[in-house]
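One-letter residues, chain by chain:
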Amino acid sequence: MSKTISVHNGSAWSRGHNIRDERYIKNMDNIDSTLSCNNVIIKDEPVRKAYERIFGEAVKQYNDKQKRSDRCIDDYYNKIVEDKRKHPVYELIVQIGDHNDTGHQAEKEKQALLTFAQQWEQRNPNLQLIGAYIHCDEPNGTVHMHCDYIPVAECNRGMAIQNSYDRALQQQGFTSTNVHKTAQVAWEKREREALNDICNALEIDAQHSQGIGDSRPTLSPKEYGRARDEMRKQIEKEFEPYIEQCRQYQDVEVNHNELLKNAQKKTSAFSKKTTYTFSEEEYRKVSKQIYSALILQNQKKELDDREKRLETMIEERSERVHQLEREQIARENELNSKELQLIRRADELEEERKKLEKLKDESKKEYQRNKNAVELLNAAENENKKLNEQLSAVKLENKAISQIRLEEYDAMTQLARDVRNENREIIKNLEKEISSLKSKLSLAVNFIKNACKSMNMMLDKRGNEYALSQNDSEQRTLLETVKEIGVSLLESMGFKKAGNEANSKAELSEEIEDAIEEKESKYHSRGGMHL
C-alpha cells in the first residue's frame, strides 16, 4: 500500500522546539529525549542573524535615501513582528507515511527528507531557508521534518527587497485564481510532487494528495491526545451496558484440577483416548465461562470497529480545519491587495500634505512681509513726529530771531517754508507708501480670511462638493491646524472681525470661485473632465 506524503504550511514556528531545547520540550510527553540523538539538524540560523544577512544591505540603502530621520528603519525584524499582516518566519512540516506504515526509525524516508531540504534553494529562490530539522524522537509519531523559511521579494517601492509572502510566490511563478486555487496551494502541490519524485528515486512507494479533501489531515500532539481521549470516553460510554452484562460471567471461577478430580474418567481400550464426564453443575460453570469469553471477544471487535469509525470522523473534521486555513490565506491575499491600494492613497495624501506645507510657508512669508510693513509704518510715524517737533523748534527759533533782525527773520522764514514744503513732500510720500502698505495688508487679511473660509467648507461635516470624508482624519487635522493659525494671526494683528468670520463661515469668495471656474473652463477646452 502506498504511503501518503503530507505537507502542512503555516506561520507558527519555534526554533527552541526544533533544536530540542530543554526549556521548550520538558513538558512534552510525545518526545522521548533519549531518541533525540537520532535527529538531524540540516540548517540552523538564528532569525535575527538571518534578517541581517538577507535585508541588512537593503535597509542601509533605504535609510541613506531618506531626508527625514523618522522615516528610517532601525530594526527591520521588529518592524515585521509589529506588522499584523506579516509574519517574520513561515514553517513547512513534511512527512512521509504515518506511524503504522513508517514510524520514527525509517532510514529511507529520513534520506528522502534530507534530499528534499538540500534541493530547497534550487526550487525556491525567493524563500530563504534558515532552518531544517528532521525529528526521529517521537515514538508514537512518524519521522518528519520542519523547514523554516523567510519570503523575500524584489519591490519597486520602499526597500529593494522585502518580506512579502505573496510577492515571493508570485515571483516564483505561482498566482491565485480563486479562494481554493491560491498561490500557496499551488506551491504546496509543487513541493509534494518534488518530494514524491525523491521517494520514487529511493524506491519508496509513496503518493501525494491532489487537493482539498484528498490529503491526510495533520494534528498536533495535543490535538491528537485530546481526540484520542474523547474517542475512548465515547467508546466506554457506548459499551457500558454490555460491560455490565458481562460482569456476572466474569465473576465465575473454575478450578481446573478440582474439575478433573470430580469428573468420571474413562479410557478407551482401542483408541486409548481418555474422556471425562462432568456433573450438570460443573458443566454450567464451564458454559458460563466460555460464553463470557465469547461476549468479551465480540465486544473487543465492536470497540475496534467503533475506534476506526471515530478516527475517520476526526480526520474529516481535521480536513475541514485545513480548508478553513486555506480560506484564511485567501482572505489575507485580498487584504494585501487592499493594502496596496491604501499605500497608493497614502502617497497621494502625502503630495497634498506637501502642497499644504508649501501654502503654509507662503502664508508665513506674507505675514512677515505684512509685519515688516507695519514696522515701517510705525517708523514713518515716529519720523513724522520728530519732524513736527523739529518744525516747532524752528518756529520758536524764527520768532526769537525776528526780534533781532527782520532780514534774518525773513531769510529764516523762507528757509522754514522751504523746510516745511520739503517735510510736506516727505510726509506725502510716506502717506502714499503707508496707504500702499495698508492696501497690501488688507489684501493679505482678505486672503487669509478667504482661505480659512474655504478650509471650513472642506471641514464641513454636513457635506458639500469640497468636503473631506470622515475617514480623512490626517487631512482634516492638517486643515484645522492651518485654519487655527490663520485665525490666530488675524486676531493678533487686531482684525478680530475678520478672525471671527474666518473661524465661523464656510464659503468660497468670489475671487476663488472665479479662479475655479476659469481653471475648469481651460480644462474643458483641452478635452478634460470636471474634477
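Computed from a predicted model, the values in this text were never measured in an experiment.

Thresholds, definitions, all that
Residue numbers restart at each chain and count upward from 1, following the sequence in its written direction. Confidence filtering applies because this is a predicted model: local features only for residues at pLDDT of at least 70, side-chain atom pairs given and counted only at 80 or more, and all residues used for totals across whole chains, interfaces and linings. By convention in this description, side-chain values take in all heavy atoms of the structure and omit both hydrogens and water. Numbering of helices and strands starts at the N terminus; helices are DSSP runs of H or I of at least 4 residues and strands are runs of E of at least 2. Residue contacts follow a heavy-atom distance rule, with two residues in contact if any of their heavy atoms lie within 4.5 Å. Here the accessible surface of atoms and residues is derived via Shrake-Rupley with a 1.4 Å probe, and residues count as covered only by protein chains that are part of the display. To qualify as a nonpolar core, a set must consist of buried Ala, Val, Leu, Ile, Met, Phe, Trp, Tyr and Cys residues joined through side-chain atoms within 4.5 Å. The buried label applies to any residue whose accessible area, calculated with a 1.4 Å probe on protein chains only, is under 20% of its type's maximum; exposed applies above 50%, and partly exposed to all values in between. Pairs of N or O atoms are called polar contacts if they sit within 3.5 Å, as long as, within protein, a hydrogen donor faces a hydrogen acceptor (for residues adjacent in sequence, only side-chain-to-side-chain pairs). By definition, a salt bridge exists where a carboxyl oxygen of Asp or Glu is found within 4 Å of a side-chain nitrogen of Lys or Arg. Sulfur atoms of two cysteines make up a disulfide when they are within 2.5 Å. In this analysis, the expected span of each helix is defined as 1.5 Å times one less than the number of residues it contains. Here an axis means a line fitted to C-alpha atoms, over the contact stretch when the element is a helix, while the angle between two N-to-C directions is reported on a 0 to 180 degree scale. Angle categories are assigned with fixed cut-offs, so that under 35 degrees is roughly parallel, over 145 is roughly antiparallel, 65 to 115 is roughly perpendicular, and the rest are oblique. Rotating anticlockwise by less than a right angle from the far helix to the near helix defines a left-handed crossing, while the corresponding clockwise rotation defines a right-handed one. Here the nonpolar group is Ala, Val, Leu, Ile, Met, Phe, Trp, Tyr, Cys and Pro; Asp, Glu, Lys and Arg are the charged ones; every other residue, Gly included, is treated as polar. Here pLDDT means the predictor's own confidence in every residue, given as a number from 0 to 100. When we speak of the arc, we mean the arc of directions from the helix axis to the C-beta atoms. DSSP-based pairing: two strands are paired if at least 2 bridges between them are found. Ring pairs are drawn from Phe, Tyr and Trp, using the six-membered ring of Trp, whenever the two centres fall within 6.5 Å, and their geometry is named by plane angle: stacked under 30 degrees, edge-to-face over 60, tilted for the rest. In our convention, an over-ring charge means Lys NZ or Arg CZ found within 6 Å of a ring centre and within 35 degrees of that ring's normal.

1. So, the overall build of the chain
Part 1 of the reasoning: If you tally the helices and strands in the chain, you get 16 helices and 10 strands.
Part 2 of the reasoning: Contacts spanning at least 24 positions in sequence make up 69% of the contacts within the chain whose residues lie at least 6 apart.
Part 3 of the reasoning: When the accessible surface of the chain is summed, it comes to about 35,300 Å², and 49% of that surface belongs to carbon and sulfur atoms.

2. Things to note about the nonpolar core
Part 1 of the reasoning: Counting 33 residues, the largest nonpolar core has Leu92, Phe116, Trp120 and Trp187 as the members making the most contacts within it.
Part 2 of the reasoning: Top contributing element to this core by residue count: helix H8 (residues 183-201), with five residues.
Part 3 of the reasoning: Contacts of tryptophan 187, omitting those with residues within four sequence positions, involve Asn9, Leu92, Trp120, Asn124, Leu127, Tyr149, Tyr165, Leu169, Gln172 and Phe174.
Part 4 of the reasoning: Ile54, Ala58, Ile80 and Val89 belong to the second-largest nonpolar core, a separate cluster that totals 17 residues.

3. Observations regarding the environment of tyrosine 133
Part 1 of the reasoning: For tyrosine 133, the position within the fold is in strand S4 (residues 127-135).
Part 2 of the reasoning: As a C-alpha pair, tyrosine 133 and histidine 146 span 13 residues in sequence and 5.2 Å in three-dimensional space.
Part 3 of the reasoning: Those residues in contact with tyrosine 133 that lie beyond four places of it in its chain are Arg15, Asn18, Ile19, Val40, Ile41, Lys43, Asp44, His144, Met145, His146 and Asp148.
Part 4 of the reasoning: Among the polar contacts made by the side chain of tyrosine 133, one reaches the side chain of aspartate 44 at a distance of 2.7 Å.

4. With respect to the pattern of salt bridges
Part 1 of the reasoning: Across all of its chains, the model carries 18 salt bridges by this definition.
Part 2 of the reasoning: Of the charged contacts in the structure, one is a salt bridge between arginine 123 and glutamate 191, with a shortest N-O distance of 2.9 Å. Residue arginine 123 is found in helix H6 (residues 120-123), and its partner glutamate 191 is found in helix H8; the two are separated by 68 residues along the sequence.
Part 3 of the reasoning: Of the residues examined, arginine 123 reaches a relative accessible area of 14% and is grouped as buried.
Part 4 of the reasoning: Residue classification places glutamate 191 among the buried residues on the basis of a relative accessible area of 0%.
Part 5 of the reasoning: A salt bridge links arginine 353 to glutamate 357, with the shortest nitrogen-to-oxygen separation between them at 1.9 Å.

5. Overview of the state of the cysteines
Part 1 of the reasoning: Scanning the model with the defined rule gives zero disulfides in all.
Part 2 of the reasoning: Counting only cysteine sulfurs, cysteine 136 is the nearest neighbor of cysteine 37, a cysteine outside any disulfide, at a range of 9.6 Å.
Part 3 of the reasoning: Under the relative-accessibility criterion, cysteine 37 is labelled exposed at 64%.

6. With respect to H8
Part 1 of the reasoning: Along its 19 residues, H8 runs 27 Å from first to last C-alpha, staying within 8% of the 27 Å computed at 1.5 Å per residue.
Part 2 of the reasoning: Buried residues of H8: Ala183, Gln184, Trp187, Glu188, Glu191, Arg192, Ala194, Leu195, Asn196, Ile198 and Cys199, and no others.
Part 3 of the reasoning: Of the residues flanking the end of H8, it is glutamate 203, one or two places downstream, whose phi is positive at about 60 degrees.

7. Considering the packing of helix H5 (residues 107-118) against H8
Part 1 of the reasoning: At a minimum axis separation of 9 Å, H5 and H8 run at an interaxial angle of 130 degrees. Relative to H8, H5 is oriented oblique. Between H5 and H8 the crossing geometry is right-handed. Together, Ala112, Leu113, Thr115 and Phe116 of H5 and Glu191, Leu195, Ile198 and Cys199 of H8 make up the contact between the two elements.
Part 2 of the reasoning: When grouped by side-chain class, the residues that make up the contact of H5 with H8 number six nonpolar, one polar and one charged.

8. Thoughts on the confidence of the model for the chain
Part 1 of the reasoning: Mean pLDDT for the chain: 78, with 73% of residues reaching 70 or above.
Part 2 of the reasoning: Under a pLDDT of 50 for its full length, residues 210-218 has, in the predicted model, 21 contacts with residues more than four places off or in other chains.
Part 3 of the reasoning: The low-confidence segment residues 249-254 (pLDDT under 50) makes 15 contacts with residues lying over four places distant or belonging to another chain.

9. A closer look at helix H15 (residues 496-504)
Part 1 of the reasoning: Those residues of H15 that fall on the buried side of the exposure criterion are Ala498, Gly499, Glu501 and Ala502. Summarising the axial view, the buried residues of H15 lie within an arc of 165 degrees, below the 170-degree limit, and thus occupy one face. Counted as exposed and oriented over 90 degrees from the buried face of H15: Lys496, Lys497 and Ser504.

10. Quick look at the pairing of strand S5 (residues 144-151)
Part 1 of the reasoning: Counting buried positions along S5 yields eight of eight residues, so the element is predominantly enclosed.
Part 2 of the reasoning: The alternating pattern of S5 places His144, His146, Asp148 and Ile150 on one face and Met145, Cys147, Tyr149 and Pro151 on the opposite face, and all of these are buried.
Part 3 of the reasoning: Both strand S3 (residues 90-96) and S5 contribute to a ladder of six bridges, which runs antiparallel. The residue of S5 that forms the bridge with valine 94 is methionine 145.
Part 4 of the reasoning: Here eight bridges tie S4 to S5, and the two strands are oriented antiparallel to one another.

11. What to know about the packing of aromatic side chains
Part 1 of the reasoning: If you walk through the whole model with that rule in mind, you get 10 aromatic pairs.
Part 2 of the reasoning: Here the aromatic rings of phenylalanine 116 and tryptophan 120 are separated by 6.3 Å at their centres, their planes lie at 80 degrees, and the arrangement is edge-to-face. Both residues of the pair, phenylalanine 116 and tryptophan 120, belong to the buried class.
Part 3 of the reasoning: Where tryptophan 120 meets tryptophan 187, the ring centres are 6.1 Å apart and the plane angle is 80 degrees; that geometry is what we call edge-to-face. Here tryptophan 120 is found in helix H6, whereas its partner tryptophan 187 is found in helix H8, with 67 residues between them in sequence.
Part 4 of the reasoning: Judged by relative accessible area, tryptophan 120 falls into the buried class, the value being 0%.
Part 5 of the reasoning: The exposure class assigned to tryptophan 187 is buried, which follows from its relative accessible area of 0%.
Part 6 of the reasoning: Over the ring of phenylalanine 116 we find arginine 123, and its NZ or CZ is 4.2 Å from the ring centre.

12. Looking at the environment of serine 6
Part 1 of the reasoning: Position of serine 6 relative to the elements: it lies in strand S1 (residues 3-10).
Part 2 of the reasoning: It is 7.7 Å that separates the C-alpha atoms of serine 6 and glycine 97, two residues lying 91 residues apart in sequence.

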